[in-house]
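Geometric and topological summary
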Amino acid sequence: MADQTFAGDGRLKIGSLLARSYQILLGNLSAFLVIALAAGSPHVIFYSWMNYGPRLFADAGDRALMATAGDALIAILEIVLSFVATGVIVYGTLRELQGQSGGFRETIGRGLKSLLPVILVSLAATLAVLLGLVLLVLPGIFFLVVFWVAVPVTVIERRGVRASLERSRELTRGYRWPILALLLLDLAMSIGFAFVPELFLDYKGAFLRSVIIEWAGQSLIVAFWSVVSAVTYVELKRIKEGARRYRETHRKPDNKSGKE
């Protein structure tokens, strides 16, 4: 990978990082988008069935209750599937960065090998973030930043839950302001796409088309930010290891041992 984001002073260059992530996403758009679409498909299937499928409940109250219960189950399922999709896309991105791009089947197969660790790490990080948001908000944001590269650590370094979270904390130390900028941009894009389409899409007159457009847009955002997290991990790792090698190379002589 070209040295686009690691400057001589060890800065994490957000613009170049995002540009590199966009290039990788564009080069793997069909595979990554299909993976993200699959993660978001339960929502589309459920609401399409609710609108076009057989009406099992004639009573409006029963249908409303079913929709509420379905919403809860779909939300849980899609959270888990989003973790899976992120892990697979992260793996594909890391292979791309290493110049070892594989096929769609290989990317999914190898990515799914980290399925359980990725889900556990993602759940642990999510619970920490939610707890922080409930308590004072700022701790939740802090955890979001600290655990930004926890999934890439799990996928590539094959660490356990606690070790992956600790490793993410270590890698992000000293670079949390630029990561916060990435996080805010991610939130802005996600929130914006959650509300802006409401102004233009006709969910009553063209329900299926509107849902598909929303589904595709949200999936694209998930795919892009999964790539960004992987690229960020690689850059932070290189910056940290590069700085360590620099210190070892330029270490001062040990006067006590008489070395020059």
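Above this text sits the structure in question.
Only a predicted model underlies this, so the values are computations on that prediction, with no experimental measurement involved.

Notes on unusual backbone geometry
In the Ramachandran plot, Arg-158 falls in the positive-phi region, its phi being about 50° despite a non-glycine side chain. You can see Arg-158 is positioned in the loop between helix 7 (150–157) and helix 8 (161–172). Residue classification places Arg-158 among the exposed positions, given a relative accessible area of 54%.

Quick look at the packing of helix 5 (residues 115–135) against helix 7
For any two helices packed against each other, the geometry is given by the interaxial angle and the distance between the axes. Relative orientation of the contacting elements helix 5 and helix 7 amounts to 155°, with a least axis distance of 9 Å. Taken together, helix 5 and helix 7 sit at an angle that is classed as roughly antiparallel. Between helix 5 and helix 7 lies a crossing of right-handed hand. Side by side, helix 5 and helix 7 meet where Pro-117, Val-118, Val-121 and Ser-122 of the first sit next to Ala-150, Val-151, Thr-154 and Val-155 of the second. A breakdown of the residues in the contact of helix 5 with helix 7 according to their chemical character gives six nonpolar, two polar and no charged.

Concerning the nonpolar core
By size, the foremost hydrophobic cluster in this structure holds 44 residues, and its most contacted members are Phe-32, Trp-148, Trp-225 and Val-228. Where this core is concerned, the elements lending two or more residues are helix 1 (14–27), helix 2 (29–52), helix 3 (60–97), helix 5, helix 7, helix 9 (176–195) and helix 11 (207–249). The element best represented in this core is helix 11, accounting for 11 residues. Residue contacts for Trp-225: discarding those within four places in its chain leaves Leu-18, Trp-148, Leu-182, Leu-185, Asp-186 and Met-189.

A closer look at helix 1
Counted at 1.5 Å a residue, the expected span for helix 1 with its 14 residues is 20 Å, and the 20 Å between its end C-alpha atoms agrees. Within helix 1, burial applies to Leu-17, Leu-18, Arg-20, Ser-21, Ile-24 and Leu-25. The buried residues of helix 1 all sit within an arc of 160° when viewed along its axis, so they share a single face. Along helix 1, exposed side chains directed more than 90 degrees from the buried face belong to Gly-15, Leu-26 and Gly-27.

Some details on helix 8
Taking 1.5 Å per residue as the helical rise, helix 8 with its 12 residues ought to reach 16 Å, and the 17 Å between its terminal C-alpha atoms agrees with that figure. Within the span of helix 8, buried status applies to Ser-164, Leu-165, Arg-167, Ser-168, Leu-171 and Thr-172. Buried residues along helix 8 cover an arc of 160° about the axis, so they all sit on one side. Looking one or two residues beyond helix 8, the residue adopting positive phi is Gly-174, at roughly 90°.

Side note on the environment of Val-121
When you line up the elements, Val-121 lands in helix 5. The class of Val-121 is buried, set by a relative accessible area of 1%. Sequence separation of Val-121 and Phe-147 is 26 residues, and the distance between their C-alpha atoms is 9.5 Å. If sequence neighbours within four positions are ignored, Val-121 has contacts with Ala-150, Thr-154, Gly-160, Val-161, Ser-164 and Leu-165.

Examining the pattern of salt bridges
Overall, the coordinates contain six salt bridges when judged by the stated rule. When the shortest N-O distance is used, the salt bridge between Arg-167 and Glu-157 registers 3.1 Å. Taken as a pair, Arg-167 in helix 8 and Glu-157 in helix 7 lie far apart in primary sequence, 10 residues in all. What makes Arg-167 buried here is its relative accessible area of 10%. The salt bridge partner of Glu-241 is Lys-237, with a shortest N-O separation of 3.0 Å. With Glu-241 and Lys-237 both in helix 11, this residue pair falls four residues apart, about one helical turn. We classify Glu-241 as partly exposed; its relative accessible area is 26%.

Examining a nonpolar patch on the surface
A contiguous nonpolar surface patch, about 360 Å² in accessible area, is contributed by Tyr-22, Leu-26, Leu-29 and Leu-220. As for its placement among the helices and strands, Tyr-22 is situated in helix 1. For Tyr-22, a relative accessible area of 47% puts it in the partly exposed group.

Rules of the game
- Residues numbered from 1 in each chain as written.
- Predicted model: local features only at pLDDT ≥ 70, side-chain atom pairs only at ≥ 80, totals over all residues.
- Heavy atoms only, no water.
- Helix = DSSP H or I, 4+ residues; strand = E, 2+ residues; numbered from the N terminus.
- Buried < 20%, exposed > 50% of the residue type's maximum accessible area, 1.4 Å probe, protein only.
- Axes fitted to C-alpha atoms, helices over the stretch in contact; angles between N-to-C directions.
- Parallel < 35°, antiparallel > 145°, perpendicular 65-115°, else oblique.
- Left-handed = near helix turned anticlockwise from the far one by under 90°.
- Contact = heavy atoms within 4.5 Å.
- Nonpolar A, V, L, I, M, F, W, Y, C, P; charged D, E, K, R; others polar.
- Core = buried A, V, L, I, M, F, W, Y, C linked by side-chain atoms within 4.5 Å.
- Expected span 1.5 Å × (residues − 1).
- Arc of directions from axis to C-beta.
- Salt bridge = Lys/Arg side-chain N within 4 Å of Asp/Glu carboxyl O.
- Patch = residues over 30% accessible without salt bridge, like charges linked within 9 Å, V, L, I, M, F, W, Y side chains within 5 Å.
- Areas by Shrake-Rupley, 256 points an atom, 1.4 Å probe, with all protein chains shown as cover.

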